[in-house]
Amino acid sequence: MKTITDIIKNGCCIFTMITLLFYSVGGIISGSEQEFIPSLKFIWLFFVFSLLLAAANIILKSKKINTAAKLAIHFAASAAVYFVTVVVCGGYINNGAQTVIALSLFLVLYLIFAVVYLIATRKRCEPKKYEKMFK
């Protein structure tokens with residue numbers, strides 16, 4: 001039950017950040033026409049994507065898998081979720097240029113967040129205290 005609650009909480013946080021980002025950028029770009037502000041369809045797609053991404057984030061908390069494997073598995077899961085929810089269900093699949101732009105945007109954002117994750121979770125080596133070997 002705690003895992004489901006965590007997925008919903010994290011998904012809602014991700015959803016809020018995505019929605020604010022897209023509305024802000026859409027408002028700045030479109031001006032008075034409002035053509036780049038997300039529609040209700042995209043808001044629901046953002047929500048589904050956010051919940052599924054939060055579920056994929058459970059992979060990053062695993063203690064049994066090394067960091068490189070965690071990131072590779074998480075990337076594959078996140079890319080699949082993004083492709084299905086945003087590219088296919090969003091209708092970008094019909095236009096090759098839009099598909100490439102959408103996937104490139106995902107790749108760049110994923111790389112940024114992966115670097116932040118790696119910096120935040122790196123293990124620092126503590127210097128060992130010197131112990132006398134000879135008395």
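Use the structure listed above.
What this report covers is the structure whose coordinates are included nearby. (Residues numbered from 1 in each chain as written. Predicted model: local features only at pLDDT ≥ 70, side-chain atom pairs only at ≥ 80, totals over all residues. Heavy atoms only, no water.)

**Quick notes on the overall build of the protein chain**
- A tally of helices and strands in the protein chain yields 4 helices and 0 strands.
- In sequence order, the secondary structure elements of the protein chain are arranged as α-α-α-α.
- At 20 Å, the protein chain has a C-alpha radius of gyration far larger than the 14 Å of a compact globule built from 135 residues.
- Along the first, second and third principal axes, the C-alpha atoms of the protein chain reach 80 × 35 × 25 Å.
- Of all 135 residues assigned to the protein chain, the portion counted as buried reaches 26%.
- For the protein chain, restricting intrachain contacts to residue pairs at least 6 apart in sequence, the fraction spanning at least 24 positions comes to 61%.
- Counting every atom, the protein chain has about 10100 Å² of accessible surface; 71% of that belongs to carbon and sulfur.
- Positive and negative side-chain charges of the protein chain, numbering 14 and 5 respectively, have mean locations separated by a distance of 17 Å. (Helix = DSSP H or I, 4+ residues; strand = E, 2+ residues; numbered from the N terminus. Rg over C-alpha atoms; globule rule 2.2 N^0.38 Å. Buried < 20%, exposed > 50% of the residue type's maximum accessible area, 1.4 Å probe, protein only. Contact = heavy atoms within 4.5 Å. Areas by Shrake-Rupley, 256 points an atom, 1.4 Å probe, with all protein chains shown as cover. Lys, Arg positive; Asp, Glu negative; His and termini not counted. Charge placed at Lys NZ, Arg CZ, Asp CG, Glu CD.)

**Quick notes on the environment of L20**
- Structurally, the position occupied by L20 is in helix α1 (residues 2–30).
- Judged by relative accessible area, which is 53%, L20 ranks as exposed.
- A C-alpha to C-alpha distance of 18 Å links L20 and I8, two positions 12 residues apart in sequence.

**Focus on the layout of surface pockets**
- Looking at the largest pocket, its volume works out to about 1400 Å³.
- What lines the largest pocket is a set of 37 residues, among which I18, L21, F22, F49 and L109 lie closest to the centre.
- Only α1, α2 (40–56), α3 (67–88) and α4 (96–121) provide two or more residues apiece to the lining of the largest pocket.
- Looking at the lining of the largest pocket residue by residue, the class counts come to 30 nonpolar, 6 polar and 1 charged.
- Empty space within the second largest pocket amounts to approximately 210 Å³.
- Surrounding the second largest pocket, L60, K61, S62, K63, I65, N66, T67, K70, Y117, T121 and K123 form its lining.
- If you list the elements that add at least two residues to the lining of the second largest pocket, you get α3 and α4.
- Here the residues of the lining of the second largest pocket sort into 3 nonpolar, 4 polar and 4 charged. (1 Å grid on protein atoms, 1.4 Å probe; cavity = no way out; pocket = protein on both sides within 12 Å on 5 of 7 lines; lining within 4 Å. Points joined across faces, edges and corners; volume = space filled by probe spheres on them. Nonpolar A, V, L, I, M, F, W, Y, C, P; charged D, E, K, R; others polar.)

**Concerning the packing of α3 against α4**
- Between α3 and α4, the shortest axis-to-axis distance is 11 Å and the interhelical angle comes to 150 degrees. Taken together, the axis directions place α3 and α4 in an arrangement best described as roughly antiparallel. In the crossing of α3 with α4, the sense of the turn from one axis to the other is right-handed. Touching T67, K70, L71, H74, F75, S78, A79, Y82, F83 and V87 of α3 are T99, A102, L103, F106, L107, Y110, A114, Y117 and L118, all from α4.
- Class assignment for the residues of the contact of α3 with α4 results in 14 nonpolar, 4 polar and 1 charged. (Axes fitted to C-alpha atoms, helices over the stretch in contact; angles between N-to-C directions. Parallel < 35°, antiparallel > 145°, perpendicular 65-115°, else oblique. Left-handed = near helix turned anticlockwise from the far one by under 90°.)

**Digging into the pattern of salt bridges**
- As enumerated under the stated definition, the model contains 2 salt bridges in all.
- Residue K2 pairs with D6 through a salt bridge whose shortest N-O separation is 3.3 Å. In this pair, K2 and D6 both sit in helix α1, 4 residues apart, roughly one turn of the helix.
- When its relative accessible area of 63% is taken as the criterion, K2 is described as exposed. (Salt bridge = Lys/Arg side-chain N within 4 Å of Asp/Glu carboxyl O.)

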